[in-house]
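# Remarks on the overall topology
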Amino acid sequence: MLLTYGWVSHVLQETAAGLLADPATHALVAEGSAAYARRRVALTGALGRHGITAYGESGLNVWVPVRDESAVVNGLRTHGWWVAAGTRFRIEGPPAVRITSATLDEADAPRLAADFAAVLGESEATYGG
């Protein structure tokens, strides 16, 4: 809803209240949460095996500090991966990229991590690390 004058229909309110009280909804949300956690852990673990520090305790994204955001974003794009430069997601702090792991197949995490490691090596050689 907008942060102005407005109202939420009673039908929508009753639907939301019913879903929030439904055990099946809670089970579905828990199942989704577990799937996102598995994908996130697979990615952070695979990156860690390459010596790459990554953060992601909850949610759909993994945060990876890098020296040059543009070099990593563009380098990963050449390998077929789309990640976001961290600039627009942080107020203060060192450069990083944000990887959305929500739809990452766990089996693809090692390949993404290997490509990430290769790009880091390329960007240091190209941009002076």
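The rules behind the values
- Residues numbered from 1 in each chain as written.
- Predicted model: local features only at pLDDT ≥ 70, side-chain atom pairs only at ≥ 80, totals over all residues.
- Heavy atoms only, no water.
- Phe/Tyr/Trp six-rings, centres within 6.5 Å; stacked < 30°, edge-to-face > 60°.
- Lys NZ or Arg CZ within 6 Å of the ring centre and 35° of its normal.
- Core = buried A, V, L, I, M, F, W, Y, C linked by side-chain atoms within 4.5 Å.
- Buried < 20%, exposed > 50% of the residue type's maximum accessible area, 1.4 Å probe, protein only.
- Helix = DSSP H or I, 4+ residues; strand = E, 2+ residues; numbered from the N terminus.
- Contact = heavy atoms within 4.5 Å.
- pLDDT = per-residue confidence, 0-100.
- Pairing = 2+ DSSP bridges.
- Axes fitted to C-alpha atoms, helices over the stretch in contact; angles between N-to-C directions.
- Polar contact = N/O pair within 3.5 Å; in protein donor to acceptor, adjacent residues only side chain to side chain.
- Salt bridge = Lys/Arg side-chain N within 4 Å of Asp/Glu carboxyl O.

Here we come to the packing of aromatic side chains. According to the stated counting rule, one finds zero aromatic pairs in the structure shown. One cation-aromatic arrangement involves Arg98 over Phe89; the distance from NZ or CZ to the ring centre is 3.8 Å.

Residues Leu47, Val64, Leu76, Val97 and Phe116 are the most contacted members of the largest nonpolar core, which totals 22 residues. When residues of this core are traced back to their parent elements, those giving at least two are helix 2 (23-49), strand 1 (61-65), helix 3 (69-78), strand 3 (96-100) and helix 4 (109-127). Per-element accounting of this core gives the leading share, five residues, to helix 4. In this view, Val97 contacts Val62, Trp63, Val64, Val66, Glu69, Val72, Val73, Val83, Ala84, Gly86 and Phe116; residues no more than four positions away in its chain are not counted.

Close inspection of predicted coordinates is inappropriate for parts of the model with low pLDDT. A residue-level look at the chain finds 91% of positions with pLDDT of 70 or above and a mean pLDDT of 91. Here helix 4 is the element of the chain with the lowest mean pLDDT, 84, and strand 3 is the one with the highest, 98.

A few words on the side chain of Ser101. With respect to the helices, strands and loops of the structure, Ser101 is situated in the loop between strand 3 and helix 4. Residue Ser101 is classed as buried on the basis of its relative accessible area of 1%.

Before going further, it helps to spend a moment on the sheet that holds strand 3. Strand order across the open sheet formed by three strands is 1-3-2, with antiparallel pairing between neighbours. Both outer strands of the open sheet, strand 1 and strand 2 (84-85), are each paired with one neighbouring strand and no more. In the sheet, strand 2 pairs with strand 3 via two bridges, with the strands oriented antiparallel. Bridge pairing links Ala84 to Arg98 in strand 3. Most of the contacts of helix 2 go to strand 1, to which it runs at about 20°, and overall it touches strand 1 and strand 3.

Our focus in this paragraph is helix 3. Side chains of residues three or four places apart in an α-helix project in the same direction, reflecting 3.6 residues per turn. Within helix 3, the full set of buried residues consists of Glu69, Ala71, Val72, Val73, Gly75 and Leu76. Positive backbone phi, at 95°, marks Gly80, one or two positions downstream of helix 3.

Of note, His26 is situated in helix 2. Judged by its relative accessible area of 48%, His26 is partly exposed. Placed 12 residues apart in sequence, His26 and Glu14 show a C-alpha to C-alpha distance of 17 Å. A polar contact of 2.7 Å, which involves the side chain of His26, links it to the backbone oxygen of Leu20.

This part is about the pattern of salt bridges. Taken as a whole and assessed by the stated rule, the structure comprises two salt bridges. Among the ionic pairs, Glu106 bridges to Arg38, the shortest N-O distance being 3.5 Å. Of this pair, Glu106 sits in the loop between strand 3 and helix 4 while Arg38 sits in helix 2; the two residues are 68 residues apart in sequence, bridging distant segments of the chain. In this structure Glu106 comes out as partly exposed when scored by relative accessible area, which is 37%.

Right, let's get into the side chain of Glu69. Considering the arrangement of structural elements, one finds Glu69 in helix 3. In this structure the side chain of Glu69 is engaged in a polar contact, spanning 3.4 Å, whose partner is the backbone nitrogen of Gly86. Setting aside anything within four residues of it in sequence, one finds Glu69 in contact with Ala85, Gly86, Thr87, Arg90, Pro95, Ala96 and Val97.

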